[in-house]
Structure formats: structure tokens, C-alpha cells
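# A closer look at the structure
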Amino acid sequence: MSTAVVLVAAGRGERLAAGAPKALVPVGGRPLLAWALDAVLASGCADRVVVVAPPDPVGLAAVVALAGDVVPGALVVAGGDTRQASVAAGLAKLPDDVDVVLVHDAARALAPPELFTQVAAAVRVGRPAVVPAVPVTDTVRRVRGGVVDRTALRAVQTPQGFARDALVEAHAAGAGGAGGAPVTDDAGLVERCGLAVHLVPGHPEAFKVTTPLDLALAEAVVARRATRSAGSPP
Ligand code: CTP
Ligand code: MG
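First things first, this report covers the structure right here in the doc. Computed from a prediction, not measured in an experiment: that's the story for all the values here.

### Regarding the site of ligand 1
- If you check the shell around ligand 1, you find 18 residues, and the closest are Val8, Gly13, Glu14, Ser86 and Lys208.
- Interatomic distance of 2.9 Å between a backbone N/O atom of Gly11 and an oxygen atom of ligand 1.
- Note that a nitrogen atom of ligand 1 is positioned 3.3 Å from one of the backbone N or O atoms of Asp81.
- Computed on the free molecule, ligand 1 has an accessible area of 560 Å², of which 87% lies beneath the protein chains in the complex.
- Its residues placed into classes, the shell around ligand 1 shows 5 nonpolar, 5 polar and 8 charged.

### A short note on the side chain of Ser86
- Assignment of secondary structure puts Ser86 in helix H3 (residues 83-91).
- Residue class for Ser86 comes out buried when judged on its relative accessible area of 3%.
- Apart from residues no more than four positions distant in its own chain, Ser86 is found in contact with Val8, Ala10, Val52, Gly79 and Gly80.

### Comments concerning helix H1 (residues 32-43)
- Its 12 residues place the ends of H1 17 Å apart at the C-alpha level, agreeing with the 16 Å of an ideal helix rising 1.5 Å per residue.
- The buried count for H1 comes to 9 of 12 residues, which makes it a mostly enclosed element.
- Turning to H1, its buried residues number three or more, namely Leu32, Leu33, Ala34, Trp35, Ala36, Leu37, Ala39, Val40 and Ser43.
- One or two positions beyond H1, positive phi appears at Gly44, with a value near 70°.

### Comments concerning the packing of H3 against helix H5 (residues 164-174)
- H5 packs onto H3 with a crossing angle of 135° between their chain directions and a minimal axis gap of 11 Å. In terms of their interaxial angle, H3 and H5 are classed as oblique. Between H3 and H5 lies a crossing of left-handed hand. Contacts between H3 and H5 involve Gln84, Val87, Ala88 and Leu91 from the former and Leu167, Val168, His171 and Gly174 from the latter.
- Of the residues that constitute the contact of H3 with H5, the class distribution is 5 nonpolar, 3 polar and no charged.

### Digging into unusual backbone geometry
- Going from Thr158 to Pro159, the amide bond is cis rather than trans, its omega being 10°.
- Among the structural elements, Pro159 can be located in the loop between strand S10 (154-156) and strand S11 (160-163).

### Considerations on the environment of Arg141
- In this structure, Arg141 sits in strand S8 (residues 140-141).
- For the pair formed by Arg141 and Lys93, sequence separation is 48 residues and the distance between their alpha carbons is 42 Å.

### Points about the pattern of salt bridges
- All chains considered together, the criterion is met by 9 salt bridges.
- Asp38 is paired through a salt bridge with Arg30; the nearest N and O atoms lie 2.7 Å apart.
- By relative accessible area, Asp38 is classed as partly exposed at 26%.
- The closest approach of N and O atoms between Asp99 and Arg124, which form a salt bridge, is 2.9 Å. Of the two residues, Asp99 sits in strand S6 (residues 98-105) while Arg124 sits in helix H4 (residues 113-124), which places them 25 residues apart along the sequence.
- On the basis of relative accessibility, which here comes to 42%, the residue Arg124 falls in the partly exposed class.
- Sharing partners across several salt bridges, the network here consists of Arg83, Asp105, Arg108 and Asp186.

### Let's talk about the packing of aromatic side chains
- One pass over the structure, following the stated rule, counts 0 aromatic pairs.
- Here Arg30 stacks its cationic end above the ring of Trp35, 4.9 Å away from the centre of that ring.

### Some thoughts on the environment of Val25
- Within the secondary structure layout, Val25 lies in the loop between strand S1 (2-8) and strand S2 (26-27).
- The class of Val25 is buried, set by a relative accessible area of 5%.
- With 47 residues separating them along the chain, Val25 and Pro72 place their C-alpha atoms 21 Å apart.
- Among residues more than four places away in sequence, those in contact with Val25 are Leu16, Ala18, Ala20, Arg30, Pro31, Leu32 and Leu215.

The rules behind each value
- Residues numbered from 1 in each chain as written.
- Chains lettered and ligands numbered in written order.
- Predicted model: local features only at pLDDT ≥ 70, side-chain atom pairs only at ≥ 80, totals over all residues.
- Heavy atoms only, no water.
- Near = heavy atom within 4 Å.
- Polar contact = N/O pair within 3.5 Å; in protein donor to acceptor, adjacent residues only side chain to side chain.
- Areas by Shrake-Rupley, 256 points an atom, 1.4 Å probe, with all protein chains shown as cover.
- Nonpolar A, V, L, I, M, F, W, Y, C, P; charged D, E, K, R; others polar.
- Helix = DSSP H or I, 4+ residues; strand = E, 2+ residues; numbered from the N terminus.
- Buried < 20%, exposed > 50% of the residue type's maximum accessible area, 1.4 Å probe, protein only.
- Contact = heavy atoms within 4.5 Å.
- Expected span 1.5 Å × (residues − 1).
- Axes fitted to C-alpha atoms, helices over the stretch in contact; angles between N-to-C directions.
- Parallel < 35°, antiparallel > 145°, perpendicular 65-115°, else oblique.
- Left-handed = near helix turned anticlockwise from the far one by under 90°.
- Salt bridge = Lys/Arg side-chain N within 4 Å of Asp/Glu carboxyl O.
- Phe/Tyr/Trp six-rings, centres within 6.5 Å; stacked < 30°, edge-to-face > 60°.
- Lys NZ or Arg CZ within 6 Å of the ring centre and 35° of its normal.

Below, the structure is given as C-alpha cells:
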């Protein structure tokens, strides 16, 4: 019985347009992936770490070096064309003893360690799929008219936690994108297989770095953490 974190870092970062795969773009002088690996390590809940890297030789070599530095023993595997394919590549590398899997976006590099712990704990008590989620703060309107009741909505984050068998089965069933609307996260795939998705409170610092503005926010969060750990008042 052990817990694995599959950290997906194979995306190209087209919307960030920083000239490198997003996971390798620096914040506070360190690549986003390094911050994400720090949080995984600090959570203490990962017996195994699988990093899914950009498949090009340069990106792959950079991730192998970085992962080996921060988490000795981490496995690194080349990703696919879509996030779903990259997660599947990571799942294919899981050792046999793993029964709980947390899937995390390297792009959510500043998700705090406690979030990993809380998600893993909820899976351990028997939830097959656990997702951190936060209230929607904008007013949301349908393109064809009508404001949506946002009190019934949540924006979902990662890490998302799963019973391994449920996640592997959902990926096998969802391979090739057969049937239904496109699914953008793993919990969506598991739900399609008829399992309930359990929500736990998300965290504002688990935001996804998608655009240059998000990168500026990440810089500010890292700077604030450095100030706090130096002992200055908040
Ligand atoms: N991801 C991945 N493999 C892909 C696509 C995405 O591992 N083929 C990962 C990204 O590295 C990221 C997470 O999935 O950590 C969320 O994806 P997203 O924010 O869309 O990242 P990118 O695909 O890199 O960005 P963009 O869509 O702007 O190109
Ligand atoms: Mg993408």
C-alpha cells in the first residue's frame, strides 16, 4: 500500500509563450517544476513520484536532471500530445504497490503541501475520487443569455486524488476521447465511469499558471513566502 504523485509537466506552455516548456520557466529563480516538487516532498505523503516530462530531448533531459536533484528516486517519463495522454503515460509507470494516486499539474506549482495531505487522506478513508475546489468569484453568464447561479459552481484544482484502480479504469475507458463532451481533468473521466467525485476545499495558491499575468502572481506569492520565512510580519 503506497501513495504516488503523478506530476504532469509535459505541456508546451503556449499561452504563457515564455520560449520554454512551462514547467521549466523560472519563478523566484527556480523552475515551476522545482516548486511543485518541493511541495510534493514537503507534504510527506508521496512514497513514489512520477514526473511526466516534455518529450523533446532537451526538455526531457532538463526534467531528468531537475527531478533527480529535488526528489532523488523520482521516475521520469515522456509525455504525450494531450494532458490526458501525459497522465496515462505516468500511470503506466506506477509500481505495483501503489494503491492511491494523486495527479498534479506542475503548472499549479505553488499548491501548498497541506493540500496534498488533505486530498490523500480523503482517498484513504474510502473516496474513489477527490478534488480540491474553490468558489467561483466572478458572475458567470451563458453566451446565449442568462446568469448562472454561481453558488452551485466550484472551480476545480489539482492535486486530484484517486483509488488507483478507479483512475486506471477511467483512463482506459476514456482513451481516444470516445463519447461525450471533452473532459479536461481526471475526475471528469472517473465520473464518466459512474463514480462519485468528492470535493474538498481548494487553496488560492493552487492557482494554475497559464498566462504571463499568472506568472506575475506566482512571483508575488514566492516573494511573500520569502519575506514571511525571513520572520517579517505578514
Ligand atoms: N500537460 C502535460 N501534457 C500535455 C499538456 C499539458 O503534461 N500534453 C500538463 C502541463 O504541463 C500542465 C498541466 O498539464 O502542468 C495543465 O496544462 P496547461 O495549463 O494547459 O499547460 P500547457 O498545456 O503547457 O499550456 P498551454 O495549454 O498554454 O500550451
Ligand atoms: Mg494545455
